[in-house]
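# Descriptive analysis of the structure
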Amino acid sequence: AWRSAPAEAIHPVHDAWAVLRQAPQHAPRDRAELRLQLLLAARLIATEGYGAQRVERVYARAMELAKALGDDAALMKILLGLEGYHFMRADFAKAQEHALDAGARAGRKGGAIHGIQARWAQANILMHQGELAAAVPQMDACRAEYDRLEHRPEAVQDPGVMCLSYSAWSLWELGYPDQALQRVLAVVVRAEQLKHKFSIGEAYGFRAAVQHFRGENRAALESAERAIEICEEGGFSVWLAHARIMRGRLLAEAGEAAAGIEEMREAYELWAATGAVVTTPFYLAMRAEGLALGGRPDEGIGLLEQALSIVKRTGERYYEAEIRRLMGQLILQGAGHERHAEAEAWLREAHECARERKLLSLSLRCAISLAELWIALGRHAQAVEVLRPAYRAIGEGAGPRDLVRARECLAAAGEAVPH
């Protein structure tokens, strides 16, 4: 099946198209070309990424053919493909327009799978815009509806895997570290059962991210390594870039800062080469953390400024609070307490940003950073005041790294906290 094939599998499609081009124009020939264009788009997405320029060109030609032939099923596939293209380029308005169009057509034509994919796309856009609390229930509803389908057609991305992956990430940000872990473990099992290599590579990449967020870096590195192995074998550029950024970040924290920084730089270039803009603020934040670990906070600040510029331009806000927190942290690292007022302003902004979006794990990180700064300045009461409610808001899990740090910080401020 194409889903397991490496990049070389595109060549037969080009060969078939070369033969078809010689055929005279008529409906059967156009139907054959339409099938080829859709197959080519799917293979390009798997190997080059949704945001690759060739993907848009292929879908544009497929759109011409589908409209001329009156093929509504193909048209819905094309609209969803274009949604993915514009989403990867962080043009959320255009992505939403295509998703709504596909959803409306699916409702009129009874295309259950297309309706599910359209609703998933809308939930994913919401998540990336920072509306995680609204996105997770929609993802769960899509997954439940998908699981009820008697026939689940093959797709470039399995909707069940996508919903589990992104909802796991979202649940961690929302303050549910244990549920997030359960989901990333479950998504790997699901992808393996499907024998869907593209989804397996993605699932291990998400597992690496959530494990890292929880501070389980040894397990996260194993997940990243597995994702890299699968994606290199399959030629899946997008998820390979993600997995390599995670591996680089983990290596930097494990004491191999130079190697980790370089890995993340190369992986970021690979991600950008696919045409992707979405997620770049997160990846820039990962790189900035790596640079800070390598004793180069000023370079990290430059990357964070770039990330915030992308956030402002695109509206991709799910990681904005963490980017702002890191700005405060790196200012402190580079200048010490000489610039503590400036750093404190960044940390306060980050905390408010996380609280507004009800991102409790990010709010806890901001509270820890503020509390650590205030303890260093002798402002213990303020440290307890900001950190105690943020710690108590996380309703599950005692082991994740941030909760351990919060307890240690509260103890340093004179506040006894039960485990």
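Residues numbered from 1 in each chain as written. Predicted model: local features only at pLDDT ≥ 70, side-chain atom pairs only at ≥ 80, totals over all residues. Heavy atoms only, no water.

Next up on the list: helix α10 (residues 197-213). Helix length check: α10, at 17 residues, gives a terminal C-alpha distance of 25 Å against a target of 24 Å (1.5 Å per residue), a fit within 8%. Most of α10 is tucked away, with 16 of its 17 residues classed as buried. Just beyond α10, the residue with positive phi is Gly-215, at close to 90°. (Helix = DSSP H or I, 4+ residues; strand = E, 2+ residues; numbered from the N terminus. Expected span 1.5 Å × (residues − 1). Buried < 20%, exposed > 50% of the residue type's maximum accessible area, 1.4 Å probe, protein only.)

A word on the pattern of salt bridges. This model, assessed by the stated rule, comprises 33 salt bridges. We note a salt bridge from Glu-216 to Arg-214, for which the minimum N-O separation is 2.9 Å. Among the salt bridges present, the one from Glu-320 reaches Arg-317, with a minimum N-O distance of 3.0 Å. Looking at Glu-320, the relative accessible area reads 6%, which means it is buried. The exposure class assigned to Arg-317 is partly exposed, which follows from its relative accessible area of 25%. Within this structure, Glu-225, Arg-244, Arg-247, Glu-263 and Glu-266 form a network of salt bridges that share partners. (Salt bridge = Lys/Arg side-chain N within 4 Å of Asp/Glu carboxyl O.)

So, on to the side chain of Ser-167. Residue placement: Ser-167 occurs in helix α8 (residues 159-174). With relative accessibility at 0%, the residue Ser-167 sits in the buried group. Of the polar contacts made by the side chain of Ser-167, one reaches the backbone oxygen of Cys-163; its length is 2.6 Å. There is a polar contact of 2.8 Å between the side chain of Ser-167 and the side chain of Arg-183. Apart from residues lying up to four places away in sequence, Ser-167 is in contact with Val-136, Met-139, Asp-140 and Arg-183. (Polar contact = N/O pair within 3.5 Å; in protein donor to acceptor, adjacent residues only side chain to side chain. Contact = heavy atoms within 4.5 Å.)

Take unusual backbone geometry next. Residues other than glycine predominantly adopt negative phi, and peptide bonds predominantly adopt the trans conformation. The backbone of Thr-279 sits at a positive phi, close to 75°, despite the residue not being glycine. Relative to the helices and strands, Thr-279 is located in the loop between α13 (257-273) and α14 (280-293). Among the residues examined, Thr-279 registers a relative accessible area of 8% and is labelled buried. Within the chain, Lys-358 stands out as a residue other than glycine whose phi angle is a positive 60°. Positionally, Lys-358 belongs in the loop between α17 (340-356) and α18 (360-376).

Taken residue by residue, the chain gives an average pLDDT of 89. The fraction at 70 or more is 91%. Note that residues 1-11 has pLDDT below 50 and, in this model, 28 contacts with residues that lie over four places away or in other chains. (pLDDT = per-residue confidence, 0-100.)

The next thing to look at is the packing of aromatic side chains. Within this structure, the stated rule accounts for 15 aromatic pairs. Consider the rings of Tyr-166 and Phe-206, whose centres lie 4.7 Å apart with planes at 70°: the pair is edge-to-face. Residue Tyr-166 is located in helix α8, and its partner Phe-206 is located in helix α10; the two are separated by 40 residues in the primary sequence. On the basis of relative accessibility, which here comes to 2%, the residue Phe-206 falls in the buried class. Aromatic pair Phe-282 and Tyr-283: ring centres 5.5 Å apart, planes at 55°, arrangement tilted. Tyr-283 gets classed as buried once you look at its relative accessible area, which sits at 1%. (Phe/Tyr/Trp six-rings, centres within 6.5 Å; stacked < 30°, edge-to-face > 60°.)

On to the nonpolar core. Counting residues in hydrophobic clusters, the biggest one holds 139 residues, and the most contacted among them are Ile-78, Phe-282, Leu-364 and Leu-387. Per element, the largest residue contribution to this core is 10 residues, and it comes from α8. Setting aside anything within four residues of it in sequence, one finds Leu-387 in contact with Leu-364, Ala-367, Ile-368, Ala-371, Ala-406, Cys-409 and Leu-410. (Core = buried A, V, L, I, M, F, W, Y, C linked by side-chain atoms within 4.5 Å.)

With that settled, the discussion passes to the environment of Ala-381. One can find Ala-381 in helix α19 (residues 380-393). Relative accessible area serves as the criterion here: at 63%, Ala-381 is assigned to the exposed category.

A word on the packing of α17 against α18. Relative orientation of the contacting elements α17 and α18 amounts to 155°, with a least axis distance of 8 Å. One way to sum up the angle between α17 and α18 is to call them roughly antiparallel. Every pair of crossing elements has a handedness; the one defined by α17 and α18 is left-handed. The residues of α18 that touch α17, namely those facing His-340, Glu-344, Leu-347, Arg-348, Ala-350, His-351, Ala-354 and Arg-355, are Leu-362, Ser-363, Cys-366, Ala-367, Ser-369, Leu-370, Leu-373 and Trp-374. Of the residues that constitute the contact of α17 with α18, the class distribution is 9 nonpolar, 4 polar and 3 charged. (Axes fitted to C-alpha atoms, helices over the stretch in contact; angles between N-to-C directions. Parallel < 35°, antiparallel > 145°, perpendicular 65-115°, else oblique. Left-handed = near helix turned anticlockwise from the far one by under 90°. Nonpolar A, V, L, I, M, F, W, Y, C, P; charged D, E, K, R; others polar.)

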